[in-house]
Amino acid sequence: MKLPYIIIVDDDRQVLGAIQRDMRNHYREEYRVVATESAMEALELIKELKLKNEAVALFISDQKMPEMDGVTFLEKAKETYDETKVVLLTAYSDIDAAIKAINTVKLDFYLLKPWNPPEEKLYPVVDDLLEEWHSHYRPDHEGIRIIGFQWSPRSHKLKEFLSGNLVPFLWMDVESNADAEKYVASANAPHSSLPLVVLKDGSFLLDPELPALASGIGLKQKAAEEMYDVMIIGAGPAGLAASVYGSCEGLKTLLIEKSNPGGQASSSARIENYLGFPAGLSGGELTRRAIAQTLRFGTEILTPQEVKKINIKDGYKIVEMADGSVIHSKTIVISTGVEYMKLDVEGIEKFTGSGVYYGSAAIEAHACRDGVVYLVGGGNSACQAAMHLCNFAKEVNILIRRDELKQVAANYLVENISKVPNIHVLPHTEVMAVHGENVLEEITLKNSKTGEEKTVHAKALFVYIGSRPGTSWLNDFLLKDEKGFIITGRELANEKSFQAHWKLKREPYFPESSVPGIFASGDVRAGALAGISSAVGEGAMAIRFVRKYLQEN
Ligand SMILES: Cc1cc2nc3c(=O)[nH]c(=O)nc-3n(C[C@H](O)[C@H](O)[C@H](O)COP(=O)(O)OP(=O)(O)OC[C@H]3O[C@@H](n4cnc5c(N)ncnc54)[C@H](O)[C@@H]3O)c2cc1C
């Protein structure tokens, strides 16, 4: 455990030296005793310690000081550390000020100068105060904090990024958490500049862009090598599996992820159909295990880093990133999966991240406590999200266009949902409009059978209405089907323009695209079976063909 601080302030160098010496002699094993002549300097130090999440057990301040008197200093210090014990150092003539301070700063003790012998006049009192402080002190969260407004899209984006990257953090809402304001003040951050991210070492970032936050927490965005054997684009289950098999087989493997590893699976509250986990496991847990495994084998991961373009030169793949950097690889596995479709309702963008969420049920569930929430779509992912949200929200409503949930979701989920009293399924129902001042407040629903419309209060709207492949950035670089999924293997022969693309004597391998040495795996591949197990299998299989390709070239 880190030692708590004792902070002493006195402008009189001699007195300061004496009390510092006495305090250090007695307490240095268990406390860090810091002394300064300047109250202003002490206040700066206090802010710094707050950001570093350090504990301060005791302030000792002289009353008569030129910058500010002791009572004022203690008052200000307690704005940041309200549980800390406070002692005023006074001359006999200042006793009046000390007595007043008992009320104003809840003074714990006033110590008359001189305090000799300390064994009698100093240590017994300070021992008592420190013991009392210890009995009430509760160690705080040690990691990263995000401080901001609950319904701010910027705050949501940071929370989503950290939780997606499996970085633990403490969320502090400035409007409902009194301690949050202390961090804001310590960082001298105006409310307009929130969210504030306080890192473990006490440094902080104001409303950071994701790459800045990523660097702050030690995630890499620049490749270490000039050339890789295999570059895997997208770190969903398919990409993670490919990376494990790639580096396990000794290939120089680079995995690139534009937002957070785990892909769609990371937003799943409970995966019940993954082999070997009879009680199910969360997407976050599966991702955490996969990342640990792939790093152990030596995979290099860049995140957040987005691939924008691929070029070919002499058979080598040259990949351009969103930040303009370029990486070379002998082969590529594209495992960019699918992205959520946006709900087409006028004005909905304004509330994205501030009441309207795409696949973020796990992150925002706590904020929905005791509220009424709506989910659009009735597929498996929507049902899983509903099962998670019903533990927090007062009421969860699933809006579907069809008659019954069983027409769109897996049986086991439909059964589970039917047993939960606070989940309601509203058939034939669509969202017509969204309303609110700054955050989502109400939505207008329409029953497509009866034509009836009603406007209801909604704490949040979670959208799960399907997906499209993450391939728009590829343009016409390789052959895709009409929906944008990457065509691979034998299916390519059915494409008119295939011969113009393919110049090798051999046929494309099963997961190989129309460009030799570029493979597709997981949901992004045309004809793939969507699902975590299939994606994992496809990722592993792609590496087998990567090896074959490398042996030939
Ligand atoms: C909420 C939810 C619950 C689910 N539950 C289950 C379940 O219980 N069981 C089950 O079998 N399936 C489940 N699924 C489906 C399953 O998660 C997917 O089938 C699986 O994740 C597909 O894996 P993938 O690797 O192919 O793609 P994805 O998981 O979609 O991952 C693709 C990754 O590529 C990244 N990416 C995209 N473009 C780029 C780019 N240009 N540069 C860099 N990176 C990029 C994305 O950010 C993403 O992380 C669920 C899906 C959701 C949404």
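Residues numbered from 1 in each chain as written. Predicted model: local features only at pLDDT ≥ 70, side-chain atom pairs only at ≥ 80, totals over all residues. Heavy atoms only, no water.

## A few points about the packing of helix H10 (residues 237-248) against helix H11 (residues 283-297)
Reasoning step 1: Contact geometry of H10 with H11 gives a least axis separation of 8 Å together with a crossing angle of 25°. Between H10 and H11, the crossing angle belongs to the class labelled roughly parallel. In the packing of H10 onto H11, the handedness of the crossing is left-handed. Here Leu240, Ser243, Val244, Ser247 and Cys248 of H10 lie close against H11, whose contacting residues are Thr287, Ala290, Ile291, Gln293, Thr294 and Phe297.
Reasoning step 2: Its residues assigned to classes, the contact of H10 with H11 comprises 6 nonpolar, 5 polar and no charged. (Axes fitted to C-alpha atoms, helices over the stretch in contact; angles between N-to-C directions. Helix = DSSP H or I, 4+ residues; strand = E, 2+ residues; numbered from the N terminus. Parallel < 35°, antiparallel > 145°, perpendicular 65-115°, else oblique. Left-handed = near helix turned anticlockwise from the far one by under 90°. Contact = heavy atoms within 4.5 Å. Nonpolar A, V, L, I, M, F, W, Y, C, P; charged D, E, K, R; others polar.)

## With respect to the side chain of lysine 182
Reasoning step 1: Tracing the backbone shows lysine 182 in helix H8 (residues 178-186).
Reasoning step 2: A relative accessible area of 15% places lysine 182 in the buried class.
Reasoning step 3: Dropping the residues within four chain positions of it, lysine 182 is found in contact with Lys50, Glu79, Thr80 and Asp82. (Buried < 20%, exposed > 50% of the residue type's maximum accessible area, 1.4 Å probe, protein only.)

## As for the sheet that holds strand S9 (residues 204-206)
Reasoning step 1: The strand order across the open sheet formed by 4 strands is S7-S6-S8-S9, and the pairing between neighbours is mixed. Each edge of the open sheet is held by one strand with a lone partner, namely strand S7 (169-173) and S9. Strand after strand, the sheet turns through a mean of 15° between neighbouring axes, direction not considered.
Reasoning step 2: Strand direction decides the pairing type here: strand S6 (residues 144-148) and S7, joined by 5 bridges, are parallel. The residue of S7 that forms the bridge with isoleucine 144 is phenylalanine 169. (Pairing = 2+ DSSP bridges.)

## A look at the nonpolar core
Reasoning step 1: Ranked by size, the top nonpolar core spans 27 residues in total, and within it Val373, Leu375, Leu389, Val396, Leu405, Ile423 and Phe462 carry the most contacts.
Reasoning step 2: Elements supplying a minimum of two residues to this core: strand S18 (372-376), helix H13 (380-389), strand S19 (395-399), helix H14 (411-418) and strand S24 (460-463).
Reasoning step 3: The element that contributes the greatest number of residues to this core is H13, accounting for 5 residues.
Reasoning step 4: In this structure, Ile19, Ile60, Leu111 and Leu129 belong to the second largest nonpolar core, which totals 24 residues. (Core = buried A, V, L, I, M, F, W, Y, C linked by side-chain atoms within 4.5 Å.)

## A word on the pairing of strand S23 (residues 453-457)
Reasoning step 1: One ladder, built from 5 bridges, connects strand S22 (residues 442-447) with S23; its direction is antiparallel. Paired with glutamate 442 across the two strands is histidine 457, which belongs to S23.
Reasoning step 2: Hairpin connection, S22 to S23: the antiparallel pair is bridged by 5 residues, and glycine 451 has positive phi, about 80°.

## Focus on helix H7 (residues 153-164)
Reasoning step 1: Taking 1.5 Å per residue as the helical rise, H7 with its 12 residues ought to reach 16 Å, and the 16 Å between its terminal C-alpha atoms agrees with that figure.
Reasoning step 2: For H7, the set of buried residues is Ser155, His156, Leu158, Lys159, Phe161, Leu162 and Gly164.
Reasoning step 3: On the buried face of H7, the contacting elements are S6, S7, strand S8 (196-198), helix H9 (210-216), strand S17 (356-358) and helix H12 (361-364).
Reasoning step 4: If you check the start of H7, you find a side-chain oxygen 3.2 Å away from the backbone N of arginine 154, and it comes from serine 152. (Expected span 1.5 Å × (residues − 1). Polar contact = N/O pair within 3.5 Å; in protein donor to acceptor, adjacent residues only side chain to side chain.)

## Let's talk about the site of the ligand
Reasoning step 1: Inspection of the region around the ligand gives 35 residues, with Glu257, Gln264, Gln384, Asp523 and Gly531 positioned closest.
Reasoning step 2: Between the ligand and asparagine 273, the relevant distance is 2.9 Å, taken from a nitrogen atom to a side-chain nitrogen or oxygen of the residue.
Reasoning step 3: Here aspartate 523 contributes a backbone N or O atom positioned 2.8 Å from an oxygen atom of the ligand.
Reasoning step 4: Taking 1,000 Å² as the accessible area of the ligand by itself, protein coverage stands at 93%.
Reasoning step 5: Counting only elements with at least two residues in the shell around the ligand, the list comes to H10, strand S16 (338-340), H13 and helix H16 (532-552). (Near = heavy atom within 4 Å. Areas by Shrake-Rupley, 256 points an atom, 1.4 Å probe, with all protein chains shown as cover.)

## Section: a negative patch on the surface
Reasoning step 1: A cluster of acidic residues, Glu29, Glu30, Asp127, Asp128 and Glu131, forms a negative patch on the protein surface.
Reasoning step 2: As for its placement among the helices and strands, aspartate 127 is situated in helix H6 (residues 123-136). (Patch = residues over 30% accessible without salt bridge, like charges linked within 9 Å, V, L, I, M, F, W, Y side chains within 5 Å. Salt bridge = Lys/Arg side-chain N within 4 Å of Asp/Glu carboxyl O. Lys, Arg positive; Asp, Glu negative; His and termini not counted. Charge placed at Lys NZ, Arg CZ, Asp CG, Glu CD.)

## What about the sheet that holds S24?
Reasoning step 1: Reading across from one edge, S17-S24-S18-S19-S20 is the order of the 5 strands in this open sheet, with parallel pairing throughout. Among the strands making up the open sheet, the edge pair consists of S17 and strand S20 (423-426). On average, each strand axis in the sheet is inclined to that of its neighbour by 20°, with strand direction left out of account.
Reasoning step 2: As defined by bridge partners, S18 adjoins S19 across 5 bridges and the pair is classed as parallel. Opposite leucine 375, over in S19, you have isoleucine 398 as the bridge partner.
Reasoning step 3: Contacting S18, S19, S20 and S24, H13 runs over the sheet at an angle of about 170° to S18.

## Description of the packing of helix H2 (residues 39-51) against helix H3 (residues 70-80)
A pair of packed helices can be characterised by two numbers: the angle between their axes and the separation between those axes.
Reasoning step 1: One way to put it is that H2 packs onto H3 with a least axis distance of 10 Å and a crossing angle of 10°. As the angle between them shows, H2 and H3 are arranged roughly parallel. Here Ala39, Ala42, Leu43, Ile46 and Lys50 of H2 lie close against H3, whose contacting residues are Phe73, Lys76, Ala77 and Thr80.

## Side note on unusual backbone geometry
Reasoning step 1: The peptide bond linking asparagine 116 to proline 117 adopts the cis configuration, its omega dihedral lying at -10°.
Reasoning step 2: Along the chain, the position of proline 117 falls in the loop between strand S5 (109-112) and helix H5 (118-121).
Reasoning step 3: Following threonine 303, the chain continues into proline 304 via a peptide bond in cis, with omega recorded as -5°.
Reasoning step 4: Secondary-structure assignment places proline 304 in the loop between strand S12 (300-302) and strand S13 (307-313).
Reasoning step 5: Backbone geometry places aspartate 207, a non-glycine residue, at a positive phi of 40°.
Reasoning step 6: Inspection of the secondary structure puts aspartate 207 in the loop between S9 and H9.
Reasoning step 7: Look at asparagine 475: it is not a glycine, yet its phi comes out positive at around 45°.
Reasoning step 8: Positionally, asparagine 475 belongs in the loop between strand S25 (467-469) and helix H15 (498-501).
Reasoning step 9: Residue classification places asparagine 475 among the exposed residues on the basis of a relative accessible area of 53%.

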